Protein chains: 2
Amino acid sequence: MTARRVALVGAGMSRFGVGGKSAAGLFAESFEELRSGLAGMPGVSDGDDADPAVAFLRAHLGEAFVGSLSFGGAQLGNPAALFLEHVGLAGVSARRVENACASGGFALRDAVNAVASGKTELALAAGVEVMNDVPDRHKRYWLGVSGDTEWERTAGLTFPGVYALMAARHMHEYGTTKEQLAAVAVKNHANGALNPKAQFQKEVDEKRVVSAPAVCDPLGLFDCCSTTDGAAMVLVASEKLAGDLMQEPVWVAGSGASTDALAIHDRERLTEIPATARAKEAALQDAERGGFSLGIEDVDLAEVHDCFTIAELMAVEGLGFCGLGEGGAFTKSGATRRDSGNGPAVNPSGGLKAKGHPLGATGVAQAVEVYRQLTGQADKRQVRDARVALTHNVGGSGATCAVHLFQRGDA
Amino acid sequence: MTARRVALVGAGMSRFGVGGKSAAGLFAESFEELRSGLAGMPGVSDGDDADPAVAFLRAHLGEAFVGSLSFGGAQLGNPAALFLEHVGLAGVSARRVENACASGGFALRDAVNAVASGKTELALAAGVEVMNDVPDRHKRYWLGVSGDTEWERTAGLTFPGVYALMAARHMHEYGTTKEQLAAVAVKNHANGALNPKAQFQKEVDEKRVVSAPAVCDPLGLFDCCSTTDGAAMVLVASEKLAGDLMQEPVWVAGSGASTDALAIHDRERLTEIPATARAKEAALQDAERGGFSLGIEDVDLAEVHDCFTIAELMAVEGLGFCGLGEGGAFTKSGATRRDSGNGPAVNPSGGLKAKGHPLGATGVAQAVEVYRQLTGQADKRQVRDARVALTHNVGGSGATCAVHLFQRGDA
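S.K.: Sorry if this is basic, but what is going on with the packing of helix H6 (residues 159-174) of chain A against helix H11 (residues 309-318) of chain A here?
M.R.: How two helices sit against one another is set out by the angle between their axes and by the gap between those axes. Residue and element names in this part refer to chain A. Axis separation between H6 and H11 bottoms out at 9 Å; the angle between their running directions is 60 degrees. What the angle tells us is that H6 and H11 run oblique. When the axes of H6 and H11 are compared, the crossing they make is left-handed. Where H6 abuts H11, its residues Tyr163, Met166, Ala167 and His170 lie against Ile310, Ala311, Met314 and Glu317. For the contact of H6 with H11, the residue count by class is six nonpolar, one polar and one charged.

Written out as structure tokens, the structure reads:
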């Protein structure tokens, strides 16, 4: 039985950074961008409503999925209802989706499932996190809870430590260098400098990256993403509704997800995240079932989970953009820069590294970038002739992973 | 476009109570019951596998949804992957679903969506909570987080306080009495006494209930549910797969959900939970789309969210089993006892009141009871000729609500 096709028909995100806004305030900022995009669409503004976009949403929106770790606990339980209420959509079925840093990717997956089920024509996938309203010692607690508690957190192994172990082993096995890791940071900060929503909008050079203070050897300050406040959302619509709203739909061509052991000592290798390859395969199979003829070589741009520079190297390897162990040389060659002609543009938004990483919002913000790129609205960071895109969102150190494939225009 | 039909094909739950097990341990206890039920089914045990049920799940299970507040925070982030790993199912796409006490009901809803999408033939809806591994003062914190933080929790208004306000207003407006509230406790403890999985398996009489110490006037000790450790899970299958496994499917005929203002001062009335009526209407509409001809009068048994006795009165009113304000007299009349002949059996499992209320597990445990009842396996508490059932799961004081309808046999 063929799955029903679904498409993105709207996107919004807040400024990422340290803003002092509440989670509900960031959600509303993100919603405002989505609302104003929707208001200009054919079929939305035809009525007499004072706020046609909200009237349209009240009429069509059947489900909402909000990715969040509820970092800091300001509204730890039941927050999804609060967010919907805050933007005038109380009543809509909504829940929080939590898979640590992959919460947003799974919120998107569940929104895709909801629309594909035929039970609603329109679903909202959102994500939100406020990380900077608690003191640093509390940040360490809240970040730690996304890794294994029994074996890792209580032993003091935080995420920089986990990814530093991965980086050290990658260097040992494949000869990966600090300069190759730095190439991720240099590229993503260059992209982030063109993104007005990014937390960091300044370029950095290789020298500055490799000589930065160590956070956890071999990872330095610029190898690590930051703690960020932010929110992001996309609208997922049925084929029929998408056709009413847009001439050329941005299809969610495939959705794939996987899980793995939570603690890294339960995995066979430190140098890869097996859930990435499995989620990618599942996404390709899902695309095939939906009638999309796509291979990984068709991807024009990819938003991947670069919580640390080593994570992007493992991502480009696990997704098959290059071979295992080749991520360092591949990235250092410039292949993943925008419009290099030698590979997909990786993290044109600036990635987690420069755009920032508000945990639950990240997976959705990746889809926001895809929507901007595939509708030609990415401004100075526009990837030329972008037609096929991929998002890759990892929870913790790889216990959860969601991969999505997108295609502009006809299948 | 008609939605694809889905059915329950398996169920399991742990003993509810104060057990000393970890969340993963309770998940595994619940899984063991599901696994052994599955192992005896045609089409599962045909192969040569040492553990045919797990082999069957590895082959068919495409999604898992785990409802949990992660109460106490032992594994606050990313727990879904850990639970799957713990029962030999690492790799399966899984996420935590959180809507406070309605987490389980939304996990079920999302499992239904996942199978209805046609993207998988089989999904797991599970829920788990450990509430008794933290001291009492921490329990107050963790329970409080499911209500509004800004206006209620920080003002000291805990859940007994919120529901006591509702009860006092219900008494004022409708003349509801303490004896009518007590009728809920008496009935549900009588049912719980027949449920070997229930936290409390002892009957109580009206005198004991009305003379119990006050928790928050007018609610006494027996008007309040307990803090409970427990896990529950059901398997949701496509029509085709269900047909291979069972002669007479237990259809999930309809799924409905709604949200509302999180803080009670933002609602029009204290005497009802509007999300209940909206979710019920949505479930009936969903059933109609699926070709099920069902009205609320067809319900033979209902598992409703009786976190406090007043909550069950508002539930039977909001679901339409009786009129607004009539819940007290309706319940006191005995109409909602098993096999009364004058109304649906309400909470034949013992409900949250006697079976216990492990937050994230509750909504799924309701579906476990429905599966047992509609397959004639409810033993001493079997509802006679049960064919249509309903579950009603509320998050917080009514910010979230999920209602499901079930039907045994042909539509």
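Text resumes after the structure shown.
S.K.: How do you make sense of the interface of chain A and chain B when you look at a structure like this?
M.R.: Accessible area lost upon the coming together of the parts serves often as the stated size of an interface. With 62 residues of chain A at the contact, the number on the chain B side is 62 residues. Buried area between chain A and chain B, both sides added, is near 4,600 Å², and the carbon and sulfur share of it is 43%. Broken down residue by residue, the surface that chain A buries against chain B is led by A:Arg4, A:Asn78 and A:Lys119, which jointly contribute 16%. On inspection of chain A and its partner chain B, the count reaches eight salt bridges. Measuring nitrogen to oxygen at the nearest pair gives 2.8 Å for the salt bridge that ties B:Lys119 to A:Asp286. Where chain A packs against chain B, one counts 40 residue pairs in polar contact (both at pLDDT 80 or more). For the side of chain A that touches chain B, the secondary-structure elements that each account for two or more residues are strand S2 (61-67), helix H3 (79-86), strand S3 (94-98), helix H4 (103-116), helix H5 (136-144), strand S8 (250-259) and helix H10 (274-289) of chain A. Top contributing element to the side of chain A that touches chain B by residue count: H4(A), with seven residues. Tallied by class, residues from the side of chain A that touches chain B come to 27 nonpolar, 19 polar and 16 charged.

S.K.: Mind showing me how you'd approach the packing of helix H7 (residues 178-192) of chain B against helix H11 (residues 309-318) of chain B here?
M.R.: All names here are of chain B. As a packed pair, H7 and H11 sit with axes 8 Å apart at the nearest point and diverge in direction by 95 degrees. The pairing of H7 with H11 is recorded here as roughly perpendicular in orientation. Only Thr309, Ile310, Glu312 and Leu313 of H11 make contact with H7, whose side of the interface consists of Leu181, Val184, Ala185, Lys187 and Asn188. In terms of residue class, the contact of H7 with H11 is built from five nonpolar, two polar and two charged.

S.K.: Is there a simple way to think about the environment of B:Gln75 in this case?
M.R.: As for its placement among the helices and strands, B:Gln75 is situated in the loop between strand S2 (61-67) and helix H3 (79-86). Each residue touching B:Gln75, except ones within four places of it in the same chain, is listed here: A:Val145, A:Gly147, A:Asp148, A:Thr149, A:Leu262, B:Ser70 and B:Leu82. At 2.9 Å, the side chain of B:Gln75 forms a polar contact with the backbone oxygen of A:Gly147.

S.K.: Sorry, what's going on with the pairing of strand S4 (residues 122-129) of chain A here?
M.R.: Consecutive side chains along a regular strand alternate between the two faces of the sheet. Residue and element names in this part refer to chain A. In terms of burial, S4 is a largely internal element, eight of the eight residues being buried. Examined bridge by bridge, S2 and S4 share six bridges and lie parallel to one another. Across the sheet, the residue bridging to Leu61 is Leu122, located in S4. Bridge count between S4 and strand S7 (residues 230-238): eight bridges; the pairing is antiparallel.

S.K.: Would you explain unusual backbone geometry in this entry?
M.R.: Peptide bonds are, in most cases, trans, and in most cases residues other than glycine have a negative phi. Here the bond from A:Asp217 into A:Pro218 is cis, since omega is 10 degrees, no more than 30 degrees from zero. Counting through the fold element by element, A:Pro218 comes out in the loop between strand S5 (214-216) and strand S6 (219-220). Located in the positive-phi region is B:Asp385, a residue other than glycine, with phi close to 50 degrees. Here B:Asp385 lies in the loop between helix H14 (359-374) and strand S11 (388-395).

S.K.: Just to check I follow, could you spell out the state of the cysteines for this structure?
M.R.: Across all of its chains, the model carries zero disulfides over all chains by this definition. Note on A:Cys401: no disulfide assigned, nearest cysteine sulfur contributed by A:Cys307 at a separation of 11 Å. Relative accessible area serves as the criterion here: at 0%, A:Cys401 is assigned to the buried category. Here B:Cys224 is not cross-linked by a disulfide; its sulfur's nearest cysteine counterpart is in B:Cys225, at 7.5 Å. Owing to a relative accessible area of 11%, B:Cys224 belongs among the buried residues under this scheme.

S.K.: Looking at this model, I keep getting lost on the pairing of S3(A). Mind explaining?
M.R.: Taken across its five residues, S3(A) has five buried, putting it largely inside the fold. The alternating pattern of S3(A) places A:Ala94, A:Arg96 and A:Glu98 and A:Arg95 and A:Val97 on opposite faces, both of which are buried. Pairing of S2(A) with S3(A) involves four bridges; the strand directions are parallel. Across the sheet, the residue bridging to A:Val66 is A:Arg96, located in S3(A). A crossover links S2(A) with its parallel partner S3(A), the connecting element being H3(A), and its sense is right-handed. With three bridges joining them, S3(A) and strand S3 (residues 94-98) of chain B adopt antiparallel strand pairing. Directly across from A:Glu98, in S3(B), lies its bridge partner B:Arg96.

S.K.: Sorry if this is basic, but what is going on with the confidence of the model for chain A here?
M.R.: Interpretation of the predicted coordinates at a detailed level should be avoided for regions scoring low in pLDDT. Of all residues in chain A, 99% attain a pLDDT of 70 or more, and the chain-wide mean is 96. At the level of chain-chain contacts, confidence expressed as ipTM amounts to 0.97, with global pTM at 0.98.

S.K.: So what exactly am I meant to see when it comes to the pattern of salt bridges here?
M.R.: Opposite charge on two side chains permits them to pair, given that their charged atoms come into close proximity. One pass over the structure, following the stated rule, counts 49 salt bridges over all chains. B:Asp110 serves as the salt-bridge partner of A:Arg95, at 2.8 Å between the closest nitrogen and oxygen. Note that A:Arg95 is positioned in strand S3 and B:Asp110 in helix H4 (residues 103-116), a pairing that runs across two chains. Taken as a pair, A:Arg95 and B:Asp110 share a single burial class, namely buried. Among the ionic contacts, a cluster of salt bridges with common partners joins A:Glu63, A:Arg95, B:Arg109 and B:Asp110.

S.K.: What am I meant to see in the relation of the copies chain A and chain B here?
M.R.: Here two copies of a chain appear, and what relates them is a rotation about an axis with a shift along it. Mapping chain A onto chain B calls for a screw motion: a turn of 180 degrees about the axis and a shift of 0.0 Å along it, with 0.0 Å RMSD after fitting. With respect to symmetry, the two chain copies, as superposed, fit the operation of a two-fold axis. Proximity to the rotation axis, assessed at the C-alpha, singles out A:Ser117 in chain A; its C-alpha lies 1.8 Å from the axis. Same-surface contact between copies: 100% of interface residues of chain A are shared with the interface of chain B.

S.K.: Can you walk me through the environment of A:Gly398 in this structure?
M.R.: All names here are of chain A. Looking at where Gly398 falls in the secondary structure, it is placed in the loop between strand S11 (388-395) and strand S12 (400-408). Along the sequence, Gly398 and Gly19 sit 379 residues apart, while their C-alpha atoms lie 29 Å from each other. With near-sequence residues (within four places) excluded, Gly398 lies in contact with Asp260, Arg267, Ile273 and Ala275.

S.K.: When you look at the side chain of B:Ser397 in this model, what are you seeing that I'm missing?
M.R.: Mapped onto the elements, B:Ser397 comes out in the loop between S11 and strand S12 (400-408). For B:Ser397, a relative accessible area of 2% puts it in the buried group.

Rules of the game
- Residues numbered from 1 in each chain as written.
- Chains lettered and ligands numbered in written order.
- Predicted model: local features only at pLDDT ≥ 70, side-chain atom pairs only at ≥ 80, totals over all residues.
- Heavy atoms only, no water.
- Axes fitted to C-alpha atoms, helices over the stretch in contact; angles between N-to-C directions.
- Helix = DSSP H or I, 4+ residues; strand = E, 2+ residues; numbered from the N terminus.
- Parallel < 35°, antiparallel > 145°, perpendicular 65-115°, else oblique.
- Left-handed = near helix turned anticlockwise from the far one by under 90°.
- Contact = heavy atoms within 4.5 Å.
- Nonpolar A, V, L, I, M, F, W, Y, C, P; charged D, E, K, R; others polar.
- Buried area = accessible area lost by both parts, 1.4 Å probe.
- Salt bridge = Lys/Arg side-chain N within 4 Å of Asp/Glu carboxyl O.
- Polar contact = N/O pair within 3.5 Å; in protein donor to acceptor, adjacent residues only side chain to side chain.
- Buried < 20%, exposed > 50% of the residue type's maximum accessible area, 1.4 Å probe, protein only.
- Pairing = 2+ DSSP bridges.
- Disulfide = S-S within 2.5 Å.
- Right-handed = clockwise from strand over helix to strand, strands pointing away.
- pLDDT = per-residue confidence, 0-100.
- Least-squares fit on C-alpha atoms with pLDDT ≥ 70 in both.

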